[in-house]
Amino acid sequence: MTPEDLLRALARTRASLDGTEVTFWWTGDIHSWAPGEPYQRLFGFEGLNTARLVEDETPGTYQLLTREAAFYLEPRTREILETWEDKPVVHVWNDPANQRWRPFPVPMTELGDQVCFSMEVPLAYPSPLPVAQYPANSADDTYRALELFQFFAPASVLTTDEPSVPSTMSWTRMSPWLPWMEQGQRPGGLTFHCRGRKLASYDEVPERTRAYVAAHHPEFAHAPEKWTEPNETSWTYFRKLNPPE
């Protein structure tokens, strides 16, 4: 298959070629690691991404327009947390979280009647939270993380003319401590381990989660209408809430 064919197959899996809004929902857990300490399951984690795929100016290229919300949970009861160790929890409200897609050799593995598209995203860039300005919230002047995505779809996605196919996903992320945890320069960090699926509609998001979105940021029930930048991240959102003095 050509890179163009693979990209269209990925687009059917991740979103919809006809521009219809698509919601992915996921759930999982967050574990801590630190030298000389046992691993701990600190939080549950649940999130959603609302996306719309539109063609970019160049034929065969796309804009993936998305908003993403995710919530830290008490690991046993799975209730959405408002505080942790007497610190306010800052949930994920990334608006936008957009991507531009160009044809590339999308890594794909055939698994019988399924295919898996995998993407490994190593990140390293100047931190929005320099240590000198945020000594309690930041461990390094460079933000470093690793995001590992897998999207599973029926093998027919390689031949179908349907704009969208059902799909499931897994996501693993290795990151520093979250800024609101106030771990300073403590060695270690977090591993996120989640799985989820493409929903038939936003109404399939669990009712508790839809109610929380509606009460705090109802715009996250829908994908953006047009491209904007820069993207929001947990680190830039924390800086907005806590500007440097």
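In this text, all values refer to a predicted model and were calculated from it rather than measured experimentally.

Describe the side chain of Q63, with residues and values.
Its place among the elements puts Q63 in strand β3 (residues 62-73). Q63 gets classed as buried once you look at its relative accessible area, which sits at 12%. At 3.2 Å, the side chain of Q63 and the side chain of D56 are in polar contact. In this structure, Q63 is in contact with R52, L53, V54, D56, Q99, R100 and W227, ignoring residues within four places of it in sequence.

Describe empty space enclosed by the protein, with residues and values.
Over the atoms, a rolled probe matching the size of one water molecule traces out where space is still vacant. Counted by the stated rule, this structure contains one cavity of 30 Å³ or more. As a volume, the largest cavity reaches approximately 50 Å³. Every residue along the wall of the largest cavity is listed here: Y72, V90, H91, V92, L178, P179, W180, S234 and F238. Grouping the constituent residues of the lining of the largest cavity by class yields seven nonpolar, two polar and no charged.

Explain a nonpolar patch on the surface to me, using residue names and the numbers behind them.
A cluster of nonpolar side chains, W33, Y39 and M174, forms an exposed patch at the surface whose accessible area comes to about 360 Å². Within the secondary structure, W33 is located in strand β1 (residues 22-33). The class of W33 is partly exposed, set by a relative accessible area of 32%.

Parameters at a glance
Residues numbered from 1 in each chain as written. Predicted model: local features only at pLDDT ≥ 70, side-chain atom pairs only at ≥ 80, totals over all residues. Heavy atoms only, no water. Helix = DSSP H or I, 4+ residues; strand = E, 2+ residues; numbered from the N terminus. Buried < 20%, exposed > 50% of the residue type's maximum accessible area, 1.4 Å probe, protein only. Polar contact = N/O pair within 3.5 Å; in protein donor to acceptor, adjacent residues only side chain to side chain. Contact = heavy atoms within 4.5 Å. 1 Å grid on protein atoms, 1.4 Å probe; cavity = no way out; pocket = protein on both sides within 12 Å on 5 of 7 lines; lining within 4 Å. Points joined across faces, edges and corners; volume = space filled by probe spheres on them. Nonpolar A, V, L, I, M, F, W, Y, C, P; charged D, E, K, R; others polar. Patch = residues over 30% accessible without salt bridge, like charges linked within 9 Å, V, L, I, M, F, W, Y side chains within 5 Å. Areas by Shrake-Rupley, 256 points an atom, 1.4 Å probe, with all protein chains shown as cover. Salt bridge = Lys/Arg side-chain N within 4 Å of Asp/Glu carboxyl O.

Function cannot be read off these values alone, since they describe shape.
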